Amino acid sequence: MRIGSLFSGIGGLELGLEWAGVGETIWQCEVDPYCRTVLKRHWPDAVMFDDVRDITDAPQVDVMCAGFPCQGISVAGNRKGLE
């Protein structure tokens, strides 16, 4: 199966899906530049989008995953909440 990822972060969901044998990640979308460098290191052949609002011609996928924007609630983030 072909996997697409929105709000990819550093690719935890994609990695888990691949390790579970679900399929191969073919594209990702992440706005954070640092996270994109991590993603490119681990998925050099995946198409990279940097803004979900600009995705117009993403390759077709069988599985779509999306990360939760956790910076506002994560102990590693700013802890300002969901608002």
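Peer 1: Can you tell me about the pairing of strand S1 (residues 2-6), naming the residues and giving the values?
Peer 2: With respect to burial, S1 is a largely interior element, four of its five residues being buried. Taken together, the five bridges between S1 and strand S2 (residues 24-29) define a ladder with parallel strand orientation. Of the residues in S2, the one forming a bridge with Ser5 is Gln28. Taking the sense of rotation as the criterion, the β-α-β connection linking S1, helix H1 (residues 12-19) and S2 turns out right-handed.

Peer 1: Go over the packing of aromatic side chains with me, naming the residues and quoting the values.
Peer 2: Within the structure shown, the criterion is met by one aromatic pair. For the pair Trp27 and Phe49, a centre-to-centre distance of 5.6 Å together with 85° between the ring planes defines the contact as edge-to-face. Taken together, the residues span a long stretch of sequence, with Trp27 in strand S2 and Phe49 in strand S3 (residues 47-49) at a distance of 22 residues. Phe49 carries the same exposure label as Trp27, and that label is buried.

Peer 1: Would you mind going over helix H2 (residues 33-42) in detail, with residue names and values included?
Peer 2: Turning to H2, its buried residues are Cys35, Val38 and Leu39. Projected onto a plane normal to the axis of H2, the buried residues spread over an arc of 100° and lie on a single side. Facing away from the buried side of H2, by more than 90 degrees, are the exposed residues Pro33, Tyr34 and Arg41. Those residues of H2 that are buried lie in contact with H1, S2 and S3.

Peer 1: Describe the side chain of Asp51, naming the residues involved and giving the relevant values.
Peer 2: Relative to the helices and strands, Asp51 resides in the loop between S3 and strand S4 (63-66). Asp51 gets classed as buried once you look at its relative accessible area, which sits at 18%.

Peer 1: Could you give an account of the confidence of the model for the protein, naming the residues involved and the relevant values?
Peer 2: Low pLDDT marks stretches whose predicted atomic positions should not be read closely. Looking at the protein as a whole, its pLDDT mean stands at 90, while 83% of the residues score no less than 70. Highest mean pLDDT in the protein belongs to S2 (98); lowest belongs to S4 (95).

Peer 1: With reference to specific residues and values, describe the environment of Tyr34.
Peer 2: Counting through the fold element by element, Tyr34 comes out in helix H2. We classify Tyr34 as exposed; its relative accessible area is 58%.

Peer 1: Go over the sheet that holds S1 with me, naming the residues and quoting the values.
Peer 2: Taking strand neighbours across the sheet as the criterion, the four strands line up as S3-S2-S1-S4 in an open arrangement whose pairing is parallel. Both edges of this open sheet fall to S3 and S4, since each of them pairs with a single strand only. Here the average twist between neighbouring strands, direction ignored, is 20°. The pairing of S1 with S4 spans four bridges and is parallel. Of the residues in S4, the one forming a bridge with Ile3 is Val63. With respect to the sheet, H1 is in contact with S1, S2 and S4, its orientation differing from that of S4 by roughly 140°.

So, how was this worked out
Residues numbered from 1 in each chain as written. Predicted model: local features only at pLDDT ≥ 70, side-chain atom pairs only at ≥ 80, totals over all residues. Heavy atoms only, no water. Buried < 20%, exposed > 50% of the residue type's maximum accessible area, 1.4 Å probe, protein only. Helix = DSSP H or I, 4+ residues; strand = E, 2+ residues; numbered from the N terminus. Pairing = 2+ DSSP bridges. Right-handed = clockwise from strand over helix to strand, strands pointing away. Phe/Tyr/Trp six-rings, centres within 6.5 Å; stacked < 30°, edge-to-face > 60°. Arc of directions from axis to C-beta. Contact = heavy atoms within 4.5 Å. pLDDT = per-residue confidence, 0-100. Axes fitted to C-alpha atoms, helices over the stretch in contact; angles between N-to-C directions.

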